[in-house]
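Residue-level structural notes
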Amino acid sequence: MAKVNVKGRILGLLIVAFIVANALLIYFDEEEKVERKSYVHDWSQTVTEDLAETLETKGVFTSETTTPVYLNEELGSFQEFLVEEGDTVADGDDLYTYAVSDYYAQEAQLQGDIDRIEQEISATQAYIEELEDYEIPEPSESTSGMSAPSFFGGGNPDETEEMTDRSPLQQEDTSSNAEAEYLKQEKLAEQASELMKQEAMLEMKEDQLDQLQQDGDQITVTSTFAGTVTEISEELDAPLLTIASTDLILSGTLDESARTTVDETMQADIRVPELDMESTGSISSIDTHPDRTSVKGTSRYPFTIAMDDLNEDVLPGYHAEISIITNESPGAVTAADEALSTEENLFAWVMNEDGEMEKREIEKGITEDGLVEIVQGLEENEWLAVQPEDEFRNGTVFFTPIYIDDVHAKKLFKLDKQTKLTYGMLGFLAR
């Protein structure tokens, strides 16, 4: 008969009884007289990072402007094209010729066009001068009664009466001098571009009048801007030909859910896979009406991006991957998403300076790649307990595991006697 190990059984029963007794004491300890601790195995630290929320989409490069060129058949009959599809033309290059059907009518029309364009040029020049002379008022000055050019809300230089009645404060609620100056410079750039177009058109009409007066029966139509001939109608249907500008923009579409999060001027990161090229830009326009609607399908809203710097190797038709920055927070205090918990409110277990575990409510902001912006509740370089969460108790001291690999025993014996004595007494008194 096998000998019974009585001592071993008694020792085992005592250990079990000890564990059960301690568990019962803790369970029935309503007044919390038993000291408790929190065990922390995994932890992380809050850090400062630049966070951004992005919306991923795709786009294609297209010409910034596409201009059709027509032939007025009442003025004459088409003779020949002087360009081919794919040709690059500059301002003033010949496009096509036509035979004049009525010399005097054509001469009168060209002269009338020249007079009209000259008047438009004078109005635009006067408008630009008015914009340049306009001084942005200081914030302390009262501008409620001032008259100013209409660069805050657009307008036509010909609308003289409307222009003199307008005031910057009546047109746009400008919050700062910087904003007003930006609007002024933006309007100056628009009018300078319009002036260049008018001058190019005047030069073309004057050339046509000279040709008519010299030849009497034939006129050559020239281009008023630079670009690439993308289409030619051999059947002489309208438009006769189409010219696309060499300046490119990036265009795409957004579905209904994405449209609610994107606004003009938002920044975007762009990558062109074919060229392994990266660049940046900003949303220059986004339509308020979809390009197509369907009860069963998803509405798509066109948008365009103006590029900050475009590689000359990019051609119309190249596709791009777009990351639109819908929200950003530079220098934000962040925490790992796994270190945050949710009950009624979002909170984190903070290992505070007193060596205690603190359950602290927090307010979060944007999220990026597992990092969460902490708007309120945490500061930089605070330690957060992660796992095991069921071992965390508010207001208790915490302890963490010892990692033997990080303990260098030899260094312990190199301490001087006073240091050994000091830490030894601290350990003894702490117990």
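Residues numbered from 1 in each chain as written. Predicted model: local features only at pLDDT ≥ 70, side-chain atom pairs only at ≥ 80, totals over all residues. Heavy atoms only, no water.

1. With respect to the layout of surface pockets
- In this model, the largest pocket occupies a volume close to 1,500 Å³.
- Residue lining of the largest pocket: 49 residues in total, with T67, S193, K197, T224 and F225 positioned closest to the centre.
- Mapped by element, the contributors of at least two residues to the lining of the largest pocket are strand 4 (66-69), strand 7 (94-100), helix 2 (103-133), helix 5 (177-215), strand 8 (218-222) and strand 13 (277-286).
- Taken together, the residues that form the lining of the largest pocket break down as 21 nonpolar, 16 polar and 12 charged. (1 Å grid on protein atoms, 1.4 Å probe; cavity = no way out; pocket = protein on both sides within 12 Å on 5 of 7 lines; lining within 4 Å. Points joined across faces, edges and corners; volume = space filled by probe spheres on them. Helix = DSSP H or I, 4+ residues; strand = E, 2+ residues; numbered from the N terminus. Nonpolar A, V, L, I, M, F, W, Y, C, P; charged D, E, K, R; others polar.)

2. Quick word on the packing of aromatic side chains
- Counted under the stated rule, the structure contains four aromatic pairs.
- Aromatic side chains F78 and F81 sit 4.7 Å apart centroid to centroid with 55° between the ring planes, which places their arrangement in the tilted category.
- Consider the rings of F78 and Y96, whose centres lie 6.0 Å apart with planes at 35°: the pair is tilted. On the criterion of sequence distance, the pair formed by F78 in strand 5 (residues 76-81) and Y96 in strand 7 is long-range, its members being 18 residues apart.
- Among the aromatic residues, those joined into a cluster by ring pairs are F78, F81, Y96 and Y98.
- Here K359 stacks its cationic end above the ring of F347, 4.5 Å away from the centre of that ring. (Phe/Tyr/Trp six-rings, centres within 6.5 Å; stacked < 30°, edge-to-face > 60°. Lys NZ or Arg CZ within 6 Å of the ring centre and 35° of its normal.)

3. Some thoughts on the environment of I283
- Relative to the assigned elements, I283 resides in strand 13.
- I283 sits in the buried class, given a relative accessible area of 2%.
- The residues touching I283, leaving out its near neighbours within four places in the chain, are V262, D263, E264, T265, M266, F303, T304, I305 and I324. (Buried < 20%, exposed > 50% of the residue type's maximum accessible area, 1.4 Å probe, protein only. Contact = heavy atoms within 4.5 Å.)

4. Points about the nonpolar core
- Ranked by internal contacts, the top residues of the largest apolar core, which has 29 residues, are V83, L95, Y96, Y98, L241 and I243.
- If one sorts the elements of this core by residue count, helix 2 sits on top with seven residues.
- In contact with L241, not counting residues within four places along its chain, are T67, P68, V69, F81, V83, L95, Y96, E231 and I232.
- Within the second largest apolar cluster, 21 residues are counted, among which are L248, F303, I305 and M307. (Core = buried A, V, L, I, M, F, W, Y, C linked by side-chain atoms within 4.5 Å.)

5. Here we look at the sheet that holds strand 9 (residues 227-232)
- Ordered in space as 4-10-9-6, the four strands form an open sheet in which the pairing is antiparallel. Whereas interior strands pair on both sides, the edge strands pair on one side only; in this sheet they are strand 4 and strand 6 (88-89).
- Sheet analysis places strand 4 next to strand 10 (residues 241-244), joined by four bridges and oriented antiparallel. Considered in strand 10, the bridge of P68 is made with T242. (Pairing = 2+ DSSP bridges.)

6. Here's the deal with the side chain of S223
- Tracing the backbone through its elements, the reader meets S223 in the loop between strand 8 and strand 9.
- In terms of polar contacts, S223 uses its side chain to reach the backbone carbonyl oxygen of F225, at 2.5 Å.
- Discounting chain neighbours no more than four positions away, the residues touching S223 are V89, A90, D91, G92, D93, L95 and I243. (Polar contact = N/O pair within 3.5 Å; in protein donor to acceptor, adjacent residues only side chain to side chain.)

7. Section: a nonpolar patch on the surface
- On the surface, a cluster of nonpolar side chains totalling about 300 Å² of accessible area is made up of L11, I15 and I19.
- Tracing the backbone through its elements, the reader meets L11 in helix 1 (residues 6-27).
- Judged by its relative accessible area of 52%, L11 falls in the exposed class. (Patch = residues over 30% accessible without salt bridge, like charges linked within 9 Å, V, L, I, M, F, W, Y side chains within 5 Å. Areas by Shrake-Rupley, 256 points an atom, 1.4 Å probe, with all protein chains shown as cover. Salt bridge = Lys/Arg side-chain N within 4 Å of Asp/Glu carboxyl O.)

8. A closer look at the sheet that holds strand 8
- Read across the open sheet, the three strands follow the order 5-7-8; overall the sheet is antiparallel. The open sheet terminates on both sides in strands that have one partner only, identified here as strand 5 and strand 8. With strand direction ignored, the average angle separating the axes of adjacent strands in the sheet is 30°.
- Alignment of strand 7 against strand 8, held across five bridges, turns out to be antiparallel. Residue pairing across strands places T97 opposite T220, the latter belonging to strand 8.
- Relative to the sheet, helix 5 contacts strand 7 and strand 8, its axis offset from that of strand 8 by approximately 165°. (Axes fitted to C-alpha atoms, helices over the stretch in contact; angles between N-to-C directions.)

9. Here we look at a negative patch on the surface
- Judged by side-chain charge, D91, D93, D94, D115, E118, E203, E206, D207 and D210 come together as a negatively charged surface patch.
- Listing elements by their share of the negative patch, those giving two or more residues are helix 2 and helix 5.
- When residues in the negative patch are grouped by element, the largest group, four residues, is from helix 5.
- Position of D207 among the secondary structure elements: in helix 5. (Lys, Arg positive; Asp, Glu negative; His and termini not counted. Charge placed at Lys NZ, Arg CZ, Asp CG, Glu CD.)

10. Section: the side chain of K184
- With respect to the secondary-structure elements, K184 resides in helix 5.
- A distance of 2.5 Å separates a polar atom in the side chain of K184 from the backbone oxygen of Y134.

11. Comments concerning unusual backbone geometry
- The residue after A238, namely P239, is reached through a cis peptide bond having omega -5°.
- Positionally, P239 belongs in the loop between strand 9 and strand 10.
- The step from Q387 to P388 runs through a cis peptide bond, and the omega angle for that step is -10°.
- The residue P388 is located in the loop between strand 21 (383-387) and strand 22 (397-399) in this model.

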